[in-house]
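For reference, the chains in residue letters:
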Amino acid sequence: MTHSIALNFEDGVTRFVEARAGETVADAAYRLGINIPLDCRDGACGTCKCRVESGSYDGGSYIEDALTDEEAASGLALACQARPKTDMVVAIPAASTACKTRPQSFETVLRRVERLSDTSLAFMLDRPAGLAFLPGQYVNLRVPGTEQRRSYSFSSAPGADALSFLVRDIPAGLMSGWLRAAQPGTAMEFTGPAGSFYLRDVTRPLLFLAGGTGLAPFMSMLGRLVETGCDHPVRLVYGVTHDADLVGLAQLDAYVAALPGFSYVTTVAAEGSTHPRRGYVTAHVEAGWLNGGEVDVYLCGPPPMVDAVRGWLAAQGVTPNAFHYEKFSPSGPAEAGRLAA
Ligand SMILES: Cc1cc2nc3c(=O)[nH]c(=O)nc-3n(C[C@H](O)[C@H](O)[C@H](O)COP(=O)(O)OP(=O)(O)OC[C@H]3O[C@@H](n4cnc5c(N)ncnc54)[C@H](O)[C@@H]3O)c2cc1C
Ligand code: FES
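Residues numbered from 1 in each chain as written. Chains lettered and ligands numbered in written order. Predicted model: local features only at pLDDT ≥ 70, side-chain atom pairs only at ≥ 80, totals over all residues. Heavy atoms only, no water.

**Some points on the overall build of the chain**
Assigned secondary structure in the chain consists of six helices and 19 strands. At 21 Å, the chain has a C-alpha radius of gyration in line with the 20 Å of a compact globule built from 341 residues. Judged by the C-alpha coordinates and their principal axes, the chain covers about 65 × 50 × 35 Å. Per-residue burial for the chain yields a buried fraction of 50% across its 341 residues. Long-range contacts, defined as pairs at least 24 residues apart, comprise 65% of the intrachain contacts of the chain with a sequence gap of at least 6. As presented, the chain carries roughly 15,000 Å² of accessible surface, and 50% of it is formed by carbon and sulfur atoms. (Helix = DSSP H or I, 4+ residues; strand = E, 2+ residues; numbered from the N terminus. Rg over C-alpha atoms; globule rule 2.2 N^0.38 Å. Buried < 20%, exposed > 50% of the residue type's maximum accessible area, 1.4 Å probe, protein only. Contact = heavy atoms within 4.5 Å. Areas by Shrake-Rupley, 256 points an atom, 1.4 Å probe, with all protein chains shown as cover.)

**Let's talk about the packing of aromatic side chains**
For any pair of aromatic rings, geometry is given as the distance between the ring centres together with the angle between the planes. As enumerated under the stated definition, the model contains eleven aromatic pairs in all. Relative to Phe-154, the ring of Phe-133 has its centre 3.6 Å away and its plane inclined at 10°; by these criteria the two rings are stacked. Taken together, the positions of Phe-133 in the loop between β9 (120–126) and β10 (138–142) and Phe-154 in the loop between β11 (149–153) and β12 (162–168) put the pair 21 residues apart, joining distant regions of the chain. Residue Phe-154 is classed as buried on the basis of its relative accessible area, which comes to 0%. By the ring-pair criterion, three or more aromatic residues cluster together here, those being Phe-123, Phe-133, Tyr-152, Phe-154 and Phe-165. Lying over the aromatic face of Tyr-30, Arg-41 brings its terminal NZ or CZ to 5.1 Å of the ring centre. Directly above the aromatic system of Tyr-198 lies the positively charged group of Arg-200, at a separation of 3.8 Å from the ring centroid. (Phe/Tyr/Trp six-rings, centres within 6.5 Å; stacked < 30°, edge-to-face > 60°. Lys NZ or Arg CZ within 6 Å of the ring centre and 35° of its normal.)

**Let's talk about the sheet that holds strand β8 (residues 104–117)**
With antiparallel pairing, six strands are arranged side by side in an open sheet as β11-β10-β13-β8-β9-β12. At either margin of the open sheet sits one strand with a lone partner, and together these are β11 and β12. The sheet shows a mean angle of 40° between the axes of neighbouring strands, direction not considered. Pairing of β9 with β12, which is carried by seven bridges, proceeds in the antiparallel orientation. Among the inter-strand pairings, Leu-121 is bridged to a residue of β12, identified as Val-167. (Pairing = 2+ DSSP bridges. Axes fitted to C-alpha atoms, helices over the stretch in contact; angles between N-to-C directions.)

**Comments concerning unusual backbone geometry**
Among all residues save glycine, negative phi is the norm, and among peptide bonds the norm is trans. Cis peptide bonds are those with omega within 30 degrees of zero, and the linkage from Gly-192 to Pro-193 qualifies with 0°. Looking at the secondary structure, you find Pro-193 in strand β13 (residues 187–194). A positive phi angle is found at Lys-100, which is not glycine, with a value near 60°. For Lys-100, the location among the structural elements is in the loop between β7 (88–92) and β8. In this structure Lys-100 comes out as exposed when scored by relative accessible area, which is 62%. Not every positive phi belongs to a glycine, and Asn-291 is a case in point at roughly 55°. What makes Asn-291 partly exposed here is its relative accessible area of 38%.

**Here's the deal with the pairing of strand β18 (residues 322–327)**
With six of six residues buried, β18 lies mostly within the body of the structure. The alternating pattern of β18 places Ala-322, His-324 and Glu-326 and Phe-323, Tyr-325 and Lys-327 on opposite faces, both of which are buried. With six bridges joining them, strand β17 (residues 296–301) and β18 adopt parallel strand pairing. If you follow Val-297 over to β18, its bridge partner there is Phe-323.

**Section: the site of ligand 1**
Near ligand 1 lie 22 residues; those nearest to it are Arg-150, Ser-151, Met-175, Ser-176 and Pro-330. A distance of 2.6 Å separates an oxygen atom of ligand 1 from a polar backbone atom of Ser-151. The contact in question runs from an oxygen atom of ligand 1 to an N or O atom on the backbone of Arg-168, over 2.8 Å. For ligand 1, whose accessible area on its own is 950 Å², the fraction buried by protein is 75%. The set of elements that each furnish at least two residues to the shell around ligand 1 consists of β11, β12, α3 (174–180) and β18. Of all the elements, β11 adds the most residues to the shell around ligand 1, at four residues. Grouping the constituent residues of the shell around ligand 1 by class yields twelve nonpolar, six polar and four charged. (Near = heavy atom within 4 Å. Polar contact = N/O pair within 3.5 Å; in protein donor to acceptor, adjacent residues only side chain to side chain. Nonpolar A, V, L, I, M, F, W, Y, C, P; charged D, E, K, R; others polar.)

Written out as structure tokens, the structure is:
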């Protein structure tokens, strides 16, 4: 019996390794040429300390100097000692290059492009063999015929047989323009998966705040929650600028039907919209949803929206148990973050 371990490096790169029965996290990684920082390999030095984001494991034997009881209780583990009992997600406090690895590259084929509205497109890719990802992560896709890359978050769940993406159609945009004329069957290439904005173990209510196509990673997370089931309330506030930006509602309704405890509201910011709810997402978060801080908040959208919502949350006087966000920056490296109490 093997267990899948997602190793997340400090630079946002994720690599998946399969741990054989009884194998430690470090040994499973080494077998694939991924050199997690190690020194003693014996639970004595603490060099291999890492954070277990999800999954259960046998922590092995070690001395207090290497890992204190408090550290172990807070989710830290020693990669040279920890043996997975289930699939795991492990944050490694080093860059992927320092561990002699890098993002994987995948070749695939465009299945189709769908126009969802005047401002939004969806596209689907064949799922390449060997690809695994966490719900909420993204890939860096090469714009065919160029050397330019654009980042897109999966909107499909990790278990789906095809990959789907939700894209804002930017009139002068390079990838947007390519997608408008794209032919099914075109060869595509991407690197990834990447990003620290992914769904953690669900142990309390969730509040999802999406701006525009920032809905995409939540679609993937909701798909995962439908697969696994969820015992906690999951609330989504989905805000857009114009009526035409509001897409994916049929899929959200399907998630409402499939996932007890999930509900969502939409809001449109533009003056002149006839939508029943108006304004920014923050105007539609009910006070009780913050649950006195016993809530994990996930936030994704364009940078100004993310900054505004972060400021609003800070002003509420409630510190959520965990706060994860991702900015869909127009270009350059992704900015994701995690603020936890
Ligand atoms: C981690 C990450 C994940 C992302 N995931 C998604 C996703 O799932 N869906 C998605 O739609 N986008 C996503 N983005 C943004 C995406 O990578 C591209 O930047 C975007 O699709 C524009 O690409 P383009 O080639 O069409 O336009 P470009 O050729 O890059 O831009 C053309 C012009 O439009 C401007 N521009 C770019 N974006 C916008 C905008 N939103 N509004 C107004 N003007 C803009 C640019 O500054 C430039 O002047 C993500 C970005 C990051 C960093
Ligand atoms: S390498 Fe020394 S404790 Fe793991």
